[in-house]
Amino acid sequence: MSAEKRKKQIRRCGLCQKVGHNKSTCPLALAKQSRAPSSSVGNKPLKFFIHHVNGSPEPSPHIVDLKKNDIDIWERIQSVAPDTTPKLYQNYHEHFPTRSLTEQPPHPVPSLPKALPSFNHTPRQSKNHNHFTVHSAHFHNWFKRLRNWFIYCTDKLSSGWQNFLKIIRQKMVSRVTGALIILLLILGTLPGPALSYYQTIQTVKQDATADGLAGFMALQNSTVSLETANLSDAVTQTQNALKNFNAALTLVSKHSVLTSLASIVPVFGGAIQSRQNILLAGQEITIADGYMLQGLSAAANPATASSTLIDRIQSILKGSTTALPNYQAALDHLSSVNISTLPLTYQGPFQDFKSTLGTMIDNLQKMNELGTAAQEIFGGNGFRRYLIIFQNPYELRPTGGFMGSFALLDVDNGKIVSFGLPPGGSYDVQGQLDQYVTPPTPLSLVNNRWEFQDANWFPDFPTSAKNILWFYRHSRQITADGVIAVNATVLQQLLSLTGPITDENQHVTLSAATAVSTIQQIVENGPDKASHKPKQILTDLAPQFLDYFQHLSISEIVPLLQNAQMALNQKEIQAYFTDPAAEQTMQSFGWSGALSATTPSQDYLMVVDTNIGGQKSDAKIKENISQQALINDDGSIIDNVVITRTHTGEADDPMYGATSTDYIRVYVPEGSTLLKASGFTWPDENSFQAPEPWDKPDALLSSTVHEVAIDNASGTNVTNEFGKTAFGNWISTPPNSTSKVSFTYRLPFKLEPQNNTSNTLIDWGKNLIGANSLPLEPYQLLVQKQSGTRSQFSSQVIFPAGWSPLWSSGPGSITAQNGLDIPSHPLLADSVWSVLMQKQY
C-alpha cells in the first residue's frame, strides 16, 4: 500500500481510548484521584483543562510523519513566544483576538472629566520580535514538560501572577531580591522567553517614550495656543496630547507585570519609573489645559459677549482655579523624575519645562488671588470712581513722571459708566483749591504754592496717591476710591496690540513707535494750546480706546493681561485703592509702588530723580548708578554710590534741548551717616519763589519727612522718610555733557561672624556645610527702581582678607574671590542680591 493511502495514526487515551487527551489528564483517572484522600492539596478538587474536540478528530500539528523523507522538518518547526499578559496559563492555552482600534484597553487609562470633550485614543500594537527555533525533539519534549509544570503552578495560584509576586515579595528580604529571583527564573530556564521579555521591556520603554515625546510636543503647542487664546488650535493640540499620553499609558498598562518587575530592578527601574511619571505629568497637564480651555471658551462664547468684564474675568478665573490642582500634580510627578534616565538631548528642555511649569503655577495662584480684588476694583461690589493719572517719564517726577493729564473713571459691576478726560490737562484744576499749602522747598523753583499737578512728590506711591486725592478733593470737591498712575510708555504697548489709530480732528495717525513724540509735539505746539486745551488730542482718542476695551475678543484679553502684568512689575502702572483688601492685594504682588521695608542688617538703595524746570530733557538723559559696599575688618560697612548722568540732546532742540535740572534723592538704610558728598550744582537762588504769607505747612509732608541735618561741605539735605535715610541735592546737566555725583556713607549696622544666630541665610549655610563649620556672614542688598527710569546699575561687595564666598544669588551676579560682583545691567524692576561669606583661619 502506498504512503498516500496509509491511514494516518491518531493518538488515543490509554484508559478511555478517546482522542484529545492522555492518561495524565483523563477524566476517569482524575475522578478516581479526587475520591482518594489527599494530604497535600486538601479537600479542594484539582483544577484541570480539557481540550474539547468537536466533530471528527483532526490530527495534531505536532504529529509528524517520520516516514516522509524530510530531514529538515525539525528546522522548520517554530514556536512563537507568548504574548505578554498577566497569566502565564493563558499565554500557552488561550488565543486573544486582535483588539480593534476603537476598543478600550484591558486596563483603565485616566481620561478627561465628563465636562470636557471626550478624546479617543489608539492603543499601540506591540511588535513580536521573539521567534526562536527548536533544534531537537529532545528539547521540544523538555519544553513541553516545563510548560505543563508552569500550568500546574499557575492553576495552584488561582489569582495568577499578581498573587505569585505578592508571595515572593512577602517571603524575600527585599523587593529587589524578589524581582531578581523572578527574572532569573525566566532568564535561567527559558532562553527564548528571556530574550523576549528583555526585548519587550526595551520596546515598551522606547514606544512609551516616543508617545510621551509626541504628547509633550502637542502639549507645548497647546500651551502656546492658550497663551494667545487661539482656542480652536488649543483644542486640537490638547486632543493630540491626550491621545498620545493615553497611548503611552495604555502600552505601559498592557505590560504591567513586566514593567512592575522591571521597575524594581535597578538596571531598569529608574528609566521606567521616570517615564511613567513623565506620562502621568503630561496627562495631568493636558487635563488642566482642558479646564483652562473651558474658562477661555466661556469668556469667548458669543452668548456671553454682552456680559460685563467682571463676568468674563470670572469665567477665566474659574477655569484657572479648577486647573491649578492638576498642574500641581503634574509638577509633583515631574519632581520625581530622575533626569539622568532621560536622553541627553531632552534633559535641558525637561528642566526648562519643569521650571516654566512652576512659574506658571505661581502666576495662576496670584491670578486666582487677584480675582477677589478684581471684583472690588471693577465695581463688582458697587459703584467705584478712580483718578487715572497719566505720567510723562520725559519729565521725571518721583512716581514716574509729570502729571500732565488725568481722567475720572466711573465703573459699576464691571461696566464703564463714564470716562472724563479734561482737554486742559492737570492745569484745569489750577486756581480751584480751597486750601493753600507750602510746597516742598525744591518745588518752589517753579511754584510758590503746592498744587495738584505737583502732588506726586513722594517716591512712595501710596503716600503720593493720598496726596493726589487730597488735592483733587480740595479742588473739585469730589472724592475717589483710588488712584491709578499710567506712564506714557504704556501707550506704546497698547498701540502694539491695537495697531495704529487715527485722530480725525487732528488728522494724525499714531503708531507704537511714534505715539509719544507725536502727542508731545501736538501738546506743546498744536493749535489747541492757544485755547488752553493742549490735551485735546487725548480727549479725542479716549473713546477709541474705551471702545477697544469694551469689545475685547478672547484672543485680545490674554495678550492685554500679559502686557499689563509686565507694566505692573516694572512700575509703568501703579495702583492705590482706599479699600484695604484691594490695597493689600496690590502690595502683596509688588504693584503698589511702595518703598519696601528692610531688616535691621539689610543694605538698601533707591535713587530718585525729580526734574524741576528741565522741560522734557529726561528723554535724552542716560543714567548710570554704581554702588560699592566695603566691609571693614571690624564688620563696619562703608557704601559709596556714584550717579553719572549724560545729556545726549542738542542745545538748539526746542523740545529736548533744555538743561536737565534734577533734584536727586538717594534712599539708604535708616540711620546711615553721610561721610562725603560731591559733584552737585545748585540752581540760582534767585530762581526760587517765596511762599505766600497765608500758605500753611502741609500736614502730610510734615508727618512724613523729618529733617536730620544739612551737610555743610556739600549742602546735602539729610532726612528720614519711610523708614529710610535720604540724601538730597541738585544735579545740573547741560546738553552734550556729563555730570557725576557721589555719596559716601556708613551703614548703621555691622557684619559680625555668626554661628548661633538665627538667620535664614546662616541656617541655609549650616545645612550646606555643616553646623560646626567656620563662622559665616551674610550680606544682602535690596535695590528699588524708580518708576519711569531706564537706569543702568552695577555693584561690588568687597569683604576683608580671610573671607571667601560660599554662595551668592541675584540677577547677573558673579561670585568673586573676596565678595560679589554685579555687572552693569538695566534696572527694570526691584532686585535683591545676596552673598554668604565664610571666615577662613
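Residues numbered from 1 in each chain as written. Predicted model: local features only at pLDDT ≥ 70, side-chain atom pairs only at ≥ 80, totals over all residues. Heavy atoms only, no water.

Okay, the packing of helix α13 (residues 488-498) against helix α14 (residues 515-525) next. Packed helices, taken two at a time, are described by their axes: the angle between them and the distance between them. With their axes 9 Å apart at the nearest point, α13 and α14 run at an angle of 125° to one another. In terms of their interaxial angle, α13 and α14 are classed as oblique. From α13, Ala488, Leu491, Gln492 and Leu495 reach across to α14, where they touch Ala515, Val516 and Ile519. Across the contact of α13 with α14, the residue classes break down as six nonpolar, one polar and no charged. (Axes fitted to C-alpha atoms, helices over the stretch in contact; angles between N-to-C directions. Helix = DSSP H or I, 4+ residues; strand = E, 2+ residues; numbered from the N terminus. Parallel < 35°, antiparallel > 145°, perpendicular 65-115°, else oblique. Contact = heavy atoms within 4.5 Å. Nonpolar A, V, L, I, M, F, W, Y, C, P; charged D, E, K, R; others polar.)

Attention now goes to the pattern of salt bridges. The tally for this structure, following the rule as stated, stands at 13 salt bridges. One salt bridge connects Asp618 with Arg645, and the closest N-O pair in it is separated by 3.3 Å. Taken together, the residues Asp618 in the loop between β10 (603-611) and β11 (621-631) and Arg645 in strand β12 (residues 636-647) connect sequence positions 27 residues apart. Of the two residues, Asp618 and Arg645, neither departs from the other in class, the shared state being buried. In this structure, Asp634 engages Lys750 in a salt bridge whose closest nitrogen and oxygen atoms are separated by 3.9 Å. Linking Asp634 in the loop between β11 and β12 with Lys750 in strand β18 (residues 737-750), this pair joins segments that are 116 residues apart in sequence. (Salt bridge = Lys/Arg side-chain N within 4 Å of Asp/Glu carboxyl O. Buried < 20%, exposed > 50% of the residue type's maximum accessible area, 1.4 Å probe, protein only.)

For the rest of this paragraph, the subject is the environment of Ser297. Here Ser297 is to be found in helix α9 (residues 266-300). Ser297 sits in the partly exposed class, given a relative accessible area of 33%. As a C-alpha pair, Ser297 and Ser315 span 18 residues in sequence and 8.7 Å in three-dimensional space.

With that out of the way, let us pick up the nonpolar core. Counting residues in each nonpolar core, the largest one holds 36 residues, and the members touching the most others are Leu605, Ile643, Phe743, Tyr779 and Phe799. With five residues, the top contributor of residues to this core is β18. Setting aside chain neighbours within four positions, we find Ile643 in contact with Val607, Glu623, Asn624, Ile625, Ile664, Val666, Ser739, Lys740, Val741 and Phe743. Core analysis: the second largest hydrophobic core is formed by 31 residues, Leu443, Ala455, Trp470 and Ala485 among them. (Core = buried A, V, L, I, M, F, W, Y, C linked by side-chain atoms within 4.5 Å.)

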